[in-house]
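# Structural description and commentary
Next come the chains, spelled out residue by residue.
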Amino acid sequence: MSVRYLSCGDTAFTVEFGNEISPEINDRVMALHAAIGLAREAGEISGVVETVPTMRSLMVTYDPLATSRADLEPRIGLLIERGLPVDGNSRRMTIPCCYDDPEFAPDLAEVAERTNKTPEQVIAAHLGSPFKVYVLGFMPGLAYVAGLDRTLFLPRRSQPRVRVPRSSVAIAMDMTTIYPFESPGGWHLIGRTPLWMFDKRREQPVFLSPGDSLSFERIDRKSFDRIAREVEAGSFDWSSLVKSR
Amino acid sequence: MTAGLKVVRAGLFDTLQDLGRTGFMALGMPTAGAMDRIGLCLANALAGNPANTAGLEIGVMGPDLLVEADSVRVALVGPLSPQLIDGPDAAPKPIESDRSHLLKRGQTLRVGMIDGSSTAYLAVAGGFELPSFMGSLSTYSRAGIGGFDGRKLAAGDVLPLARPSVPAINERKLAQPFDYGSGPVRVVWGPQDDYFSKAGRRTFVETEYRVSKEADRMGIRFEGAVIEHAKPVEKGGADIISDGIAPGAIQVPGAGLPIVLLADRQTVGGYPKIATVASVDLPRLGRLLPGQTVRFAAVSVEEAEALRRDQETRLQRAIAGFVVARPPGGIDLVRLYEENLIDGVVYDSP
């Protein structure tokens, strides 16, 4: 696999591993993201401000007063040549999700109809999908989570909603997502989690990170309300959702 | 009693900004930060602050600020015509911009309109006493975070000051307004210049673009000649697999008009980016007003880096060249103290 370096002005460049979405390519992106982090900690690379992983590329931002493209690019090339560590992130997250309330899952019936399934089969396929966070963006904490069961692939809604409630769980194309804020949105809403993907009161305001493995756990409305109250009050134990692989 | 600046009349879009919230783009967090880095750095230097101290970014029109502290040193930078009101019944009197001022309790600073730029800056000596969020005080209003309550200032807000009073020392001013440059805006081709036809790339650098009304902290939509994509838009010529968005990235969606993405830009995006504004000219972009026109000219990465280093040298020279600001008939406090060898005078660190 060849690597391309794309210029993003004099404060960033993008290391592109391919022009398609695949787990193999994303693994390499995440590995370089981790490797640069380690090299910065070890003092082998300086002047890097941050790295931004996406599905198939890593943007490296730098301070042009502290380093230069000519100095950085070969150092990063060396890291790639040296061999990238296997996925540095081993977090496995479980997201409780309530699929049962029609208010939470206004599109469940339509998704079932369009995929020739019963609503229960749609839920089972969503619960059984081996999800992985590919990239966060669009708004703080919004994760593009790939790995959706193939039988659930649908294009976005032709008419996006003006208002999607916070914490809606939605699917579109080959991905699922959880809305961190109330916002417009064109994905199919099939459930809701009582969790907030972005909570500015927390020390780590953003819950998910690129590279996280993810699965959904079905909860009923009663559990939803209980967890929602704890999240609202700030007393919810978030660490209970994080497991190491 | 806590010291503060009370907003007695709000401006249009005034937010606290430092040099940006870096390190969290991987979590989808925009950097935000000052639209005009140079303006903020100069204001901070005039106020005796480190460069990354959060200051007030004035958007188009500034607020009226009542001093609720024994004294405060403010520095204003930008084409402003500020006024000072001594008390409830006093007439406003004009004061200079591009310098520091010592204000006393009960005085009101009327920042006023900016003339010929969309942004100007106000720094206070010692900074504002507000909690940082993810390592920064920059306001990102779309998510309601940072700065003062995550939003632009409103009437009634009281900005808490880190220092309840400041010593009387010489006020400082810029020897001359900083030269932001006036030629074409320098850009570096890429990251997706190959998504545009040769004719499209030529259109981009050979014609003039006008700032539309859709210009804010997130970015500027330009009006002008349509830039041709290499592949028909119907066949995905304006779609890429989303990748990272650097400051100054110029994305060109299907309609063919360029959008320059600035401080509050999203972290990743799916439109091809024909070029990226060189960091030397980002402060200029951050000052543009609707209706103003620019041309773009391509430089190499190395040239862009050299231009930025040169600008930094000029910025440091401007800071080293601050002159003593004296009211007409006033005295040079520093010279007086030095000549009289008075001990025990406390200076703000420069």
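It should be emphasised that the depicted structure is a prediction, and the values quoted were computed from it without experimental measurement.

Reading the values: rules and limits
Residues numbered from 1 in each chain as written. Chains lettered and ligands numbered in written order. Predicted model: local features only at pLDDT ≥ 70, side-chain atom pairs only at ≥ 80, totals over all residues. Heavy atoms only, no water. Helix = DSSP H or I, 4+ residues; strand = E, 2+ residues; numbered from the N terminus. Buried < 20%, exposed > 50% of the residue type's maximum accessible area, 1.4 Å probe, protein only. Areas by Shrake-Rupley, 256 points an atom, 1.4 Å probe, with all protein chains shown as cover. Lys, Arg positive; Asp, Glu negative; His and termini not counted. Charge placed at Lys NZ, Arg CZ, Asp CG, Glu CD. Contact = heavy atoms within 4.5 Å. Buried area = accessible area lost by both parts, 1.4 Å probe. Salt bridge = Lys/Arg side-chain N within 4 Å of Asp/Glu carboxyl O. Nonpolar A, V, L, I, M, F, W, Y, C, P; charged D, E, K, R; others polar. pLDDT = per-residue confidence, 0-100. Domains from an automatic or database assignment.

## Comments concerning the overall build of chain B
Of regular secondary structure, chain B possesses five helices and 23 strands. With respect to the principal axes defined by its C-alpha atoms, chain B has extents near 75 × 40 × 35 Å. Counting across all 350 residues of chain B, residues that qualify as buried make up 55%. Approximately 14300 Å² of chain B is accessible, and the part contributed by carbon and sulfur atoms is 53%. With 37 positive and 40 negative side-chain charges, chain B shows a spacing of 2 Å between the two charge centroids.

## Digging into the interface of chain B and chain A
Contact residues are listed per partner, giving 43 residues for chain B and 43 residues for chain A. Interface of chain B and chain A: buried area, both sides summed, is about 3200 Å²; carbon and sulfur atoms make up 65% of it. Across the chain B-chain A interface, the total number found is one salt bridge. Measuring nitrogen to oxygen at the nearest pair gives 3.6 Å for the salt bridge that ties Arg4(A) to Asp194(B). Take the side of chain B that touches chain A: its biggest share by element is six residues, from helix 4 (residues 301-320) of chain B. The class makeup of the residues in the side of chain B that touches chain A is 24 nonpolar, 13 polar and six charged.

## A word on the confidence of the model for chain B
Residues and elements named next belong to chain B. Of all residues in chain B, 93% attain a pLDDT of 70 or more, and the chain-wide mean is 93. Note on residues 341-350: pLDDT is under 50 here. Beyond four places in sequence and across chains, it has 16 contacts. Model confidence for the complex: the whole-complex pTM is 0.92, and ipTM, which rates the interface, is 0.92.

## A closer look at the domain arrangement of chain B
Residue and element names in this part refer to chain B. For chain B, the assigned domains are domain 1 (4-174 + 321-333) and domain 2 (185-308). When each unit is reduced to the centre of its C-alpha atoms, the spacing between domain 1 and domain 2 is 31 Å. On the domain 2 side, the residues contacting the 23 residues of domain 1 number 19 residues. Note on domain 1 versus domain 2: buried area summed over both sides is about 1700 Å², and carbon and sulfur give 50% of it. When the area that domain 1 buries against domain 2 is broken down by residue, the three leading residues are Met35, Arg37 and Arg142, summing to 35%. Remark: the boundary between domain 1 and domain 2 carries three salt bridges.

## Section: the environment of Val280(B)
Residues and elements named next belong to chain B. Relative to the helices and strands, Val280 is located in the loop between strand 20 (273-277) and helix 3 (282-285). Judged by its relative accessible area of 4%, Val280 falls in the buried class. In this structure, the C-alpha to C-alpha distance between Val280 and Gly200, residues 80 residues apart in sequence, is 25 Å. The contact partners of Val280, leaving out residues within four places of it in the chain, are Arg37, Arg186, Leu307, Arg308 and Gln311.

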